[in-house]
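Inside the fold
The chain contents come next:
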Amino acid sequence: MAAFHQAIDKITKSLEKATTGNTFTTLVLPVTSADLKKVLKKNGWFFIWKRELKRNTNVYKLVLNQEPEIIQGLISYEIMQGYLFMPLVDAARIILERVKNI
């Protein structure tokens with residue numbers, strides 16, 4: 001498996017636009033199979049999320065309150081030997097493009 005490294009520039013309680021400091025209220029919701037129809041590598045997502053959902057891990061999406069139909073980020077996790085294991089974390093291409101331009 002190829003390594004992928006994405007810097008986390010800042011930990012916030014919401015999404016924050018780096019250029020202005022404006023914050024946007026978010027929701028973290030379970031992912032459905034219907035959600036994953038638009039979460040594809042050809043649309044800029046790094047991982048194959050359908051495969052992760054089939055592995056029976058906990059998969060959640062990050063969305064803006066104002067735009068719950070647009071997925072901003074995804075995370076999968078499972079509890080392994082008493083630890084929280086997060087095999088995949090991914091951000092929408094629009095967010096990654098913003099990070100590159102900072």
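Read on for an overview of the structure.

Calculation rules
- Residues numbered from 1 in each chain as written.
- Predicted model: local features only at pLDDT ≥ 70, side-chain atom pairs only at ≥ 80, totals over all residues.
- Heavy atoms only, no water.
- Helix = DSSP H or I, 4+ residues; strand = E, 2+ residues; numbered from the N terminus.
- Buried < 20%, exposed > 50% of the residue type's maximum accessible area, 1.4 Å probe, protein only.
- Pairing = 2+ DSSP bridges.
- Axes fitted to C-alpha atoms, helices over the stretch in contact; angles between N-to-C directions.

Let us now look at unusual backbone geometry. If a residue is not glycine, its phi is most likely negative; likewise, a peptide bond is most likely trans. Located in the positive-phi region is asparagine 56, a residue other than glycine, with phi close to 70°. Mapped onto the elements, asparagine 56 comes out in the loop between helix H1 (49–54) and strand S4 (58–64). Assessed through its relative accessible area of 70%, asparagine 56 is described here as exposed. Unusually for a residue other than glycine, glutamine 81 sits at a positive phi of about 50°. You can see glutamine 81 is positioned in the loop between strand S5 (67–80) and strand S6 (83–91).

For the rest of this paragraph, the subject is the sheet that holds strand S3 (residues 26–30). With antiparallel pairing, four strands are arranged side by side in an open sheet as S3-S4-S5-S6. The open sheet is flanked by S3 and S6, the only strands paired with a single partner. For this sheet the average axis-to-axis angle between neighbouring strands, irrespective of direction, equals 30°. Where S5 and S6 come together, seven bridges link them in antiparallel fashion. Across the sheet, the residue bridging to leucine 74 is aspartate 90, located in S6.

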